[in-house]
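Topology and contacts: notes
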Amino acid sequence: MTSEKIKRMLDACYQAKRIRDLLPPLPEGVMPSYIQYLEKIQALEKQGIRVKVSDISAAMSLPRPGVTRTVKEMEKKGYLKKLASPDDGRVTYISVTEAGKALSREYDELYFGTLSRELSGISEEEADCMIETIGKFYEIMCERRSRYDK
């Protein structure tokens, strides 16, 4: 791969980041990451998982301290609740509250429902290719960073 192609890939990643800035405004005090957390927690719950911070961290490839901080913020705002395990008091489970479900549902309907129609010019295959390519690119860059951080 040429240097020019790599630069174009990085430019595309920058554009992808800017796309996130074009999402509709969230209610005051709601961060975009909250929507991602709500979606991920609900997806894990649908799989029958009693969700812990470590599950969110692993599923989203995020460091635990940051996940813990975001979960605390979301709990204070009423979007998540923590429940101590009845079997082991050291284990805390996280679940989405009704307010969190409502926020997730509203955002999903408001934005993604409309956007799906507007993105009809992008085929499923093109979308899958983009997702796969960005995932591979991210993995390579993470591996590269870990080699240089040693």
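Further up the page is the structure itself.
Notes on the structure follow. (Residues numbered from 1 in each chain as written. Predicted model: local features only at pLDDT ≥ 70, side-chain atom pairs only at ≥ 80, totals over all residues. Heavy atoms only, no water.)

Turning next to the overall build of the protein chain. Looking only at helices and strands, the protein chain has six helices and two strands in total. Counting from the amino terminus, helix and strand elements in the protein chain follow one another as α-α-α-α-β-β-α-α. In terms of overall dimensions, the protein chain has a C-alpha envelope of 55 × 45 × 30 Å along the principal axes. Across the protein chain, contacts joining residues at least 24 apart in sequence account for 50% of those joining residues at least 6 apart. In the structure as shown, the protein chain presents an accessible area of about 11,300 Å², 54% of it carried by carbon and sulfur atoms. (Helix = DSSP H or I, 4+ residues; strand = E, 2+ residues; numbered from the N terminus. Contact = heavy atoms within 4.5 Å. Areas by Shrake-Rupley, 256 points an atom, 1.4 Å probe, with all protein chains shown as cover.)

On to the pattern of salt bridges, then. By the definition in use, this model includes five salt bridges. Asp 55 is paired through a salt bridge with Lys 52; the nearest N and O atoms lie 3.6 Å apart. With a closest N to O distance of 3.7 Å, Lys 101 and Glu 98 form a salt bridge. On the criterion of helical spacing, the pair formed by Lys 101 and Glu 98 is a turn pair, its members being three residues apart in helix H5 (residues 98–118). On the basis of relative accessible area, Lys 101 is assigned to the partly exposed category, the value being 29%. Here Glu 98 falls in the exposed class, since its relative accessible area comes to 56%. (Salt bridge = Lys/Arg side-chain N within 4 Å of Asp/Glu carboxyl O. Buried < 20%, exposed > 50% of the residue type's maximum accessible area, 1.4 Å probe, protein only.)

Let's shift gears to unusual backbone geometry. Not every positive phi belongs to a glycine, and Ser 61 is a case in point at roughly 55°. For Ser 61, the location among the structural elements is in the loop between helix H3 (53–60) and helix H4 (64–76).

In terms of burial, strand E2 (residues 92–96) is largely enclosed, as four of its five residues are buried. Where strand E1 (residues 80–84) meets E2, five bridges bridge the pair, whose relative direction is antiparallel. Its bridge partner being in E2, Leu 80 is matched across the sheet by Val 96. (Pairing = 2+ DSSP bridges.)

Below, the discussion takes up the nonpolar core. Residues Ile 56 and Leu 80 are the most contacted members of the largest nonpolar core, which totals 22 residues. Where this core is concerned, the elements lending two or more residues are helix H2 (32–46), H3, H4, E2 and H5. Per-element accounting of this core gives the leading share, six residues, to H2. Not counting chain neighbours up to four residues away, the residues in contact with Ile 56 comprise Tyr 37, Ile 41, Leu 44, Val 51, Val 67, Val 71 and Ile 94. (Core = buried A, V, L, I, M, F, W, Y, C linked by side-chain atoms within 4.5 Å.)

It is worth spelling out the packing of H2 against H5 at this point. The geometry of H2 relative to H5 is characterised by a closest axis approach of 10 Å and an angle of 110° between their N-to-C directions. Considering the angle they form, H2 stands roughly perpendicular to H5. Only Gly 100, Lys 101, Leu 103, Ser 104, Tyr 107 and Phe 112 of H5 make contact with H2, whose side of the interface consists of Ile 35, Leu 38, Glu 39 and Gln 42. Partitioned by chemical class, the residues of the contact of H2 with H5 number five nonpolar, three polar and two charged. (Axes fitted to C-alpha atoms, helices over the stretch in contact; angles between N-to-C directions. Parallel < 35°, antiparallel > 145°, perpendicular 65-115°, else oblique. Nonpolar A, V, L, I, M, F, W, Y, C, P; charged D, E, K, R; others polar.)

Let us look at H5. Helix length check: H5 (21 residues) gives 30 Å between terminal C-alpha atoms against 30 Å at 1.5 Å per residue, within 8%. Within H5, the axis deviates most sharply at Asp 108, by approximately 30°. Along H5, the positions that sit buried rather than exposed are Gly 100, Leu 103, Ser 104, Tyr 107 and Tyr 111. Where H5 is buried, its residues meet H2 and E2. (Expected span 1.5 Å × (residues − 1). Bend = angle between axes of the 7 residues up to and from the residue.)

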